[in-house]
Amino acid sequence: MSATLAWMPSRATKRGDERTPLEGSRDVLICGASFAGLMVARELAGSGADVLVVDRYEIGERQTSACGIPTEWLRVLGLEASERQRFDELVIHTPHGTSTYPLPWSFSTFDYPELCRLLWAGCDAEFETAKVNGRARSPNGDGAIHVDTDRGVISSQLVVDALGWRRILANGDGYQPPEAPLSRGLEVHPGGAGEAMEIWIDRRYVPAGYGWSFPADDELRIGVGSFDPRFHVRDTTELLASDLGRDRVRYQGNWIPHKLRAATEGGVFFVGDSAGHCLPLTAEGIRTALYFGIALGRELRAVLDGGQSRADASARYAGFSDDHRWKFRWMLRAQRLVPRVPPRLLAPLVRLLSARRLVKWAFGHYLGIAPPEFAHAPPAATPQRMAEVAS
Ligand SMILES: Cc1cc2nc3c(=O)[nH]c(=O)nc-3n(C[C@H](O)[C@H](O)[C@H](O)COP(=O)(O)OP(=O)(O)OC[C@H]3O[C@@H](n4cnc5c(N)ncnc54)[C@H](O)[C@@H]3O)c2cc1C
């Protein structure tokens, strides 16, 4: 497996005097510098536009997940150097037995700072650390969106919210856990090695959800995710770690959306967790953040090239996101169904579903929700290009 290039941000998040005022107008303002935000920025590289990316932390400073992804997505994006470990099988434990699923495509864990560094290396945007507070009132009617940060107000015609589930640049619809459709996840990152990517569907750890252990070369990412936001996962994350004889150290957790939200609102573009792009049932949100990030980047690029207006981009991107709604709905149905299966039926069911042809079919469709080939696809046809083709 590829060695991890130990990369840490060159400086910690700016403090005190270093936080000089940050104001003015940019062609594009991308808020959030994790998977979704960096992917949008990378799609805009070479456009000649003045693109500013802001995040409250330095790029790659705070890991936001267990960092598991289909290997092919790392390959198509040229991010293989961040890979830590690769898996051709998935081991599923239930209280009454264990099944091993041979995967038709492999899954990898990666190093978060290194992946962010590689994504950023492909961007030509500017980056600043700043905490986004919300939208500021627009002083004039130029249609620009004004964003209030702890370093000043920045304005742009094209603003992206890639800030995660809080969706800070929306109007505020009272979307708060535990009432909102959010799962909760927590993991520990003890040192140590492991061979298998493992999942536990076991009410001992969580009534509705699953536990996991994802080895990543010299560390393990052991956690529990609950589809029910009212169930606290700290105790059972610790229980799983101690059942595996591992240290309970380096905690990382967050709310995880499991329902799509509007991809555009009030002129702002939302992508990744802020648009609910994380898949229900599996809580896989990195691949989809990259996928929708590419789609959004292509639409914004067409605006910068003069091929379409912001309103065109907004309609097309919202339509693209909505086209996936039925797939997300199916995943959500499965998420609701699994906890209802009586525990004694779970083991035979999991065994039954591990038939090679069925696994191939199911995992093929699952990968197809956000397929790696999308990264190769040509830029989306703009209204101008469509007109050229038609004439
Ligand atoms: C415990 C856990 C494990 C997970 N494991 C996996 C996994 O293995 N594979 C997988 O595919 N998915 C996993 N997920 C889901 C995945 O982490 C998310 O779906 C994914 O991170 C979404 O990417 P994003 O770029 O939209 O948002 P995030 O990765 O959440 O990034 C949001 C960015 O916005 C910044 N930000 C937030 N608020 C502000 C603010 N006010 N001002 C400035 N910046 C701000 C943050 O610093 C961050 O950089 C996991 C989630 C959890 C909680």
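Since the model is a prediction, treat every value here as computed from it, not as a measurement.

### Some remarks on the overall build of the protein chain
Check the secondary structure of the protein chain and you find 10 helices and 16 strands. In terms of principal-axis extent, the alpha carbons of the protein chain reach across some 65 × 55 × 40 Å. The proportion of buried residues among the 391 residues of the protein chain is 54%. Put simply, of all contacts in the protein chain between residues at least 6 apart along the chain, 73% involve residues at least 24 apart. For the protein chain, the accessible area works out to roughly 17400 Å², and carbon and sulfur atoms hold 52% of it. Positive and negative side-chain charges of the protein chain, numbering 46 and 47 respectively, have mean locations separated by a distance of 6 Å.

### Things to note about unusual backbone geometry
Of note, the amide linkage connecting Pro177 to Pro178 takes the cis form, showing an omega dihedral of 5°. Structurally, Pro178 is set in the loop between strand E9 (152-161) and strand E10 (182-188). The phi torsion at Leu281 lies on the positive side, around 75°, for a residue other than glycine. Residue placement: Leu281 occurs in the loop between strand E16 (268-270) and helix H5 (286-304). The partly exposed category is assigned to Leu281, whose relative accessible area is 23%.

### Brief notes about the site of the ligand
What surrounds the ligand is a group of 35 residues, the closest being Ser34, Asp55, Thr64, Val132 and Asp273. Within the backbone of Ala36, one N or O atom sits 3.0 Å away from an oxygen atom of the ligand. Take Cys67: an N or O atom from its main chain is 3.4 Å from an oxygen atom of the ligand. Expressed as a share of its isolated accessible area of 1000 Å², the protein-covered part of the ligand is 94%. Among the secondary structure elements, those contributing two or more residues to the shell around the ligand are helix H1 (35-43), E10, strand E12 (209-216), strand E14 (251-257) and H5.

Scoring rules and cut-offs
One numbering rule holds for all chains: residues counted from 1, following each sequence as written. Residues qualify for local features only when their pLDDT is at least 70, as the model is predicted, and side-chain atom pairs are given and counted only at 80 or more; totals for whole chains, interfaces and linings, by contrast, use all residues. Hydrogens and waters are ignored; side-chain quantities use all the structure's heavy atoms. A run of H or I in DSSP counts as a helix once it spans at least four residues, and a run of E counts as a strand once it spans at least two, with each numbered from the N terminus. Classification of residues uses two cut-offs on accessible area relative to the type maximum, computed with a 1.4 Å probe and protein chains only: under 20% is buried, over 50% is exposed, and between them is partly exposed. Working rule for contacts: check all heavy atoms of both residues, and any pair within 4.5 Å makes them a contact. Using the Shrake-Rupley algorithm and a 1.4 Å probe, accessible areas are obtained, with residue cover drawn only from the displayed protein chains. In this tally, Lys and Arg are treated as positive and Asp and Glu as negative; His is ignored, and so are the chain termini. Just so you know, the charge point we use is NZ for Lys, CZ for Arg, CG for Asp and CD for Glu. The nearness test applies per residue and asks whether one of its heavy atoms lies within 4 Å of the molecule or strand. Counted as a polar contact is a pair of N or O atoms within 3.5 Å, where, for protein atoms, one must be capable of donating a hydrogen and the other of accepting one, and residues adjacent in sequence contribute only when both atoms are in side chains.

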